[in-house]
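Chain by chain, the residues run as shown.
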Amino acid sequence: MGRFTQGLYGYAFALFVCLAGVGVFLLITPQSRTEHIPRVDFSIDQVNAARTAPYEVVAPNRVPDNWVPNSSSLTQKNGVVTWRLGFATAKRQHAMLAQSDERPSADFVNRMANTDKPGGSRQIDGVTWEERFRQDKNQRTLVRVFPDHAVVVTGSADWDELTALVRTLAPQAKPSPAPSAG
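Residues numbered from 1 in each chain as written. Predicted model: local features only at pLDDT ≥ 70, side-chain atom pairs only at ≥ 80, totals over all residues. Heavy atoms only, no water.

1. With respect to the overall build of the chain
Here's step 1: The number of helices and strands found in the chain is four helices and nine strands.
Here's step 2: Starting at the N terminus and ending at the C terminus, the chain contains elements arranged as α-α-β-β-β-β-α-β-β-β-β-α-β.
Here's step 3: Its C-alpha atoms give the chain a radius of gyration of 25 Å, clearly above 16 Å, the size a compact globule of 182 residues would have.
Here's step 4: Within the chain, the proportion of its 182 residues that are buried is 35%.
Here's step 5: Relative to all contacts within the chain whose residues are 6 or more apart in sequence, the contacts with residues 24 or more apart total 52%.
Here's step 6: For the chain, the exposed area adds up to about 11,300 Å²; of that, 56% sits on carbon and sulfur atoms.
Here's step 7: Within the chain, the 17 negative side-chain charges are centred at a point lying 6 Å from the centre of the 20 positive side-chain charges. (Helix = DSSP H or I, 4+ residues; strand = E, 2+ residues; numbered from the N terminus. Rg over C-alpha atoms; globule rule 2.2 N^0.38 Å. Buried < 20%, exposed > 50% of the residue type's maximum accessible area, 1.4 Å probe, protein only. Contact = heavy atoms within 4.5 Å. Areas by Shrake-Rupley, 256 points an atom, 1.4 Å probe, with all protein chains shown as cover. Lys, Arg positive; Asp, Glu negative; His and termini not counted. Charge placed at Lys NZ, Arg CZ, Asp CG, Glu CD.)

Given below as structure tokens:
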């Protein structure tokens, strides 16, 4: 028994026991080979953004095919309304729609784009969007700045996927106030 507790044989035996334990663990642990991207329902944030924002909120009138909405965040801080809506695209890259009435708009845009350097422009359905690209983060951004707010479409998705998201954007009507009990 001494030769299994000392020297090279002891080391090899201990290694074998550990590897056998890991193998048994992997065999009995359930594993999923299917992709799981959490899906969120952003409709409540969409309605609340349209209700509370002092600007015209835009949202996808339909989610592009094989895209998964996976995050939605509506914040109201110091009178500023910001809505961020994230997607896993058909190519499983990230795309995000962000809009806010933060002042100055340039600070919001620069933070969402991770750069303050415009890189050109792109015509999408007759509307000019500013392009930005940050190579070290593989981040592409399309920007529109209005007098009262800014809209940013950004992410690791390619330009075609970001353009597809922009094409789905439509202004959201302000919901009518709920009738009060009287």
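2. Concerning the environment of arginine 92
Here's step 1: For arginine 92, the location among the structural elements is in the loop between strand E3 (80-88) and strand E4 (94-100).
Here's step 2: Apart from residues no more than four positions distant in its own chain, arginine 92 is found in contact with Glu35, Ile37, Asn66 and Val68.

3. A word on the packing of aromatic side chains
Here's step 1: If you walk through the whole model with that rule in mind, you get three aromatic pairs.
Here's step 2: Relative to tryptophan 83, the ring of phenylalanine 42 has its centre 6.4 Å away and its plane inclined at 40°; by these criteria the two rings are tilted. Of this pair, phenylalanine 42 sits in the loop between helix H1 (7-28) and helix H2 (43-52) while tryptophan 83 sits in strand E3, and the two are 41 residues apart along the sequence.
Here's step 3: Owing to a relative accessible area of 9%, phenylalanine 42 belongs among the buried residues under this scheme.
Here's step 4: Look at phenylalanine 42 and phenylalanine 87: their rings are 6.4 Å apart centre to centre, the planes differ by 75°, and that puts the pair in the edge-to-face class. Taken together, the residues span a long stretch of sequence, with phenylalanine 42 in the loop between H1 and H2 and phenylalanine 87 in strand E3 at a distance of 45 residues. Judged on exposure class, the residue phenylalanine 42 and its partner phenylalanine 87 are both buried. (Phe/Tyr/Trp six-rings, centres within 6.5 Å; stacked < 30°, edge-to-face > 60°.)

4. Concerning the nonpolar core
Here's step 1: By size, the foremost hydrophobic cluster in this structure holds 25 residues, and its most contacted members are Trp83, Leu97, Trp129, Leu142, Val153 and Leu162.
Here's step 2: By size, the runner-up hydrophobic cluster in this structure holds eight residues, among which are Ala98, Val109, Met112 and Val152. (Core = buried A, V, L, I, M, F, W, Y, C linked by side-chain atoms within 4.5 Å.)

5. Description of the pattern of salt bridges
Here's step 1: All told, the structure shown has seven salt bridges when counted by the stated rule.
Here's step 2: Aspartate 116 serves as the salt-bridge partner of lysine 117, at 3.2 Å between the closest nitrogen and oxygen.
Here's step 3: Taking the shortest distance from any N to any O, the salt bridge between aspartate 136 and arginine 134 comes out at 2.7 Å.
Here's step 4: Overall, aspartate 136 belongs to the exposed group, its relative accessible area being 60%. (Salt bridge = Lys/Arg side-chain N within 4 Å of Asp/Glu carboxyl O.)

6. Section: the side chain of threonine 115
Here's step 1: Relative to the assigned elements, threonine 115 resides in the loop between helix H3 (105-113) and strand E5 (120-124).
Here's step 2: Threonine 115 gets classed as buried once you look at its relative accessible area, which sits at 12%.
Here's step 3: In this structure the side chain of threonine 115 is engaged in a polar contact, spanning 3.2 Å, whose partner is the backbone nitrogen of lysine 117.
Here's step 4: If sequence neighbours within four positions are ignored, threonine 115 has contacts with Asn110, Arg132 and Arg134. (Polar contact = N/O pair within 3.5 Å; in protein donor to acceptor, adjacent residues only side chain to side chain.)

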